[in-house]
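Analysis of the macromolecular model
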Amino acid sequence: MKKIITIVLTVYCCFASAQNINDYKYALVPSKFSIFKKNDYYRLNVTTKLYMEKYGFETYLDTDEQPAEFKKDNCNKVYVDLIENNTMFITRIQVVLKDCYGKTIAISNEGKSKEKDYQIAYNLALREALDSFTILMSHKYNGKQLTNSKTVETKIEKEEPKPTSVVNNSTNGISELFAKPFQNGFQLLTNTTAIPNLVLTISKTTNSDCFIAEQNENKGVLFKKMDGWYFEYYKDGKLMSEKYTIVNF
């Protein structure tokens, strides 16, 4: 039963992200990704632009000539960037999409390559990451007109009262955690104790604001709201909710 609940909550998180992606008609790819010092390093920026166009976004580099509708507002587009987590022998790349406020909307799976030639390795890893971006495969612009003010209004509308079925569970005075990379996600450890203690183990989903979470026998989801991160799970038929601050997220 707990496994079914976890799957349902995770699917809900991913579906919510998919709805958000469909609000965007445009994508902006920088001429220089944040992890590099050169423009269009190994032609990765142009490759990313082509993929975003394949996924149904009207896409421009920041050096391209851009239409007036694209330029008139910062919040009518997704902003594309790369993150890397390389090891000595493996190139690892993920593609991240952010909104005009810098909030992550979606993140790809990790693309990997063991090629020694960096140009080949980065291109193979990037293509694998972009090919894994399943949330974008069903992208279809829904006609919504996003502007700075409308985006703010949308965020305010989403702040709803907590349902009465949710019980705010005690966190035993532990509310501040830091994330340590672990397998397909992170271990969340106490940040205010002399010896860090494990509080949660979380696994990545296709939505960077939603994780599958485990705390001893409790299994549920960890997801982000405007005021922090919430771990929710069922205990004795009641939906429990614990709020945390993750200092390095």
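Residues numbered from 1 in each chain as written. Predicted model: local features only at pLDDT ≥ 70, side-chain atom pairs only at ≥ 80, totals over all residues. Heavy atoms only, no water.

Now for the pattern of salt bridges. Working definition: two side chains of opposite charge can pair if their charged atoms are close together. A complete count under the given rule lists six salt bridges for this structure. With a shortest N-O distance of 3.0 Å, R92 and E110 are connected by a salt bridge. Taken as a pair, R92 in strand β4 (residues 91–98) and E110 in the loop between β5 (104–107) and β6 (111–113) lie far apart in primary sequence, 18 residues in all. R92 gets classed as buried once you look at its relative accessible area, which sits at 18%. In this structure E110 comes out as partly exposed when scored by relative accessible area, which is 22%. (Salt bridge = Lys/Arg side-chain N within 4 Å of Asp/Glu carboxyl O. Helix = DSSP H or I, 4+ residues; strand = E, 2+ residues; numbered from the N terminus. Buried < 20%, exposed > 50% of the residue type's maximum accessible area, 1.4 Å probe, protein only.)

Okay, the side chain of H139 next. Mapped onto the elements, H139 comes out in the loop between α5 (134–137) and α6 (148–157). Classification of H139 as buried rests on a relative accessible area of 9%. Of the polar contacts made by the side chain of H139, one reaches the backbone oxygen of Y55; its length is 2.9 Å. If near-sequence neighbours (up to four positions away) are discounted, H139 is found in contact with I21, N22, Y24, Y55, G56 and F57. (Polar contact = N/O pair within 3.5 Å; in protein donor to acceptor, adjacent residues only side chain to side chain. Contact = heavy atoms within 4.5 Å.)

This part covers the side chain of E232. Considering the arrangement of structural elements, one finds E232 in strand β13 (residues 228–235). Although E232 is buried, it forms no salt bridge, and the closest oppositely charged side chain is K225 at an N-O distance of 4.6 Å. Of the polar contacts made by the side chain of E232, one reaches the side chain of S241; its length is 3.3 Å. (Lys, Arg positive; Asp, Glu negative; His and termini not counted.)

In total, this model carries one disulfide according to the counting rule given. Here C75 engages in a disulfide with C100; their sulfurs sit 1.8 Å apart. The S-S bond linking C75 to C100 shows a torsion near 85°; that makes this disulfide right-handed. With a gap of 25 residues between them, C75 in the loop between α3 (68–71) and β3 (77–84) and C100 in the loop between β4 and β5 connect regions that are remote in the sequence. Note on C75: relative accessible area 2%, which makes it buried. (Disulfide = S-S within 2.5 Å.)

What follows deals with the nonpolar core. Residues F57 and L136 are the most contacted members of the largest nonpolar core, which totals 29 residues. For this core, the secondary structure elements donating two or more residues are β1 (26–29), α2 (44–54), β3, β4, β5, α4 (118–131) and α5. With five residues, the top contributor of residues to this core is α4. With sequence-adjacent residues up to four places away left out, F57 is seen in contact with I21, Y24, K25, Y26, A27, M52, V78, L136 and H139. Counting residues in hydrophobic clusters, the runner-up holds 16 residues, among them L177, A213, L222 and M240. (Core = buried A, V, L, I, M, F, W, Y, C linked by side-chain atoms within 4.5 Å.)

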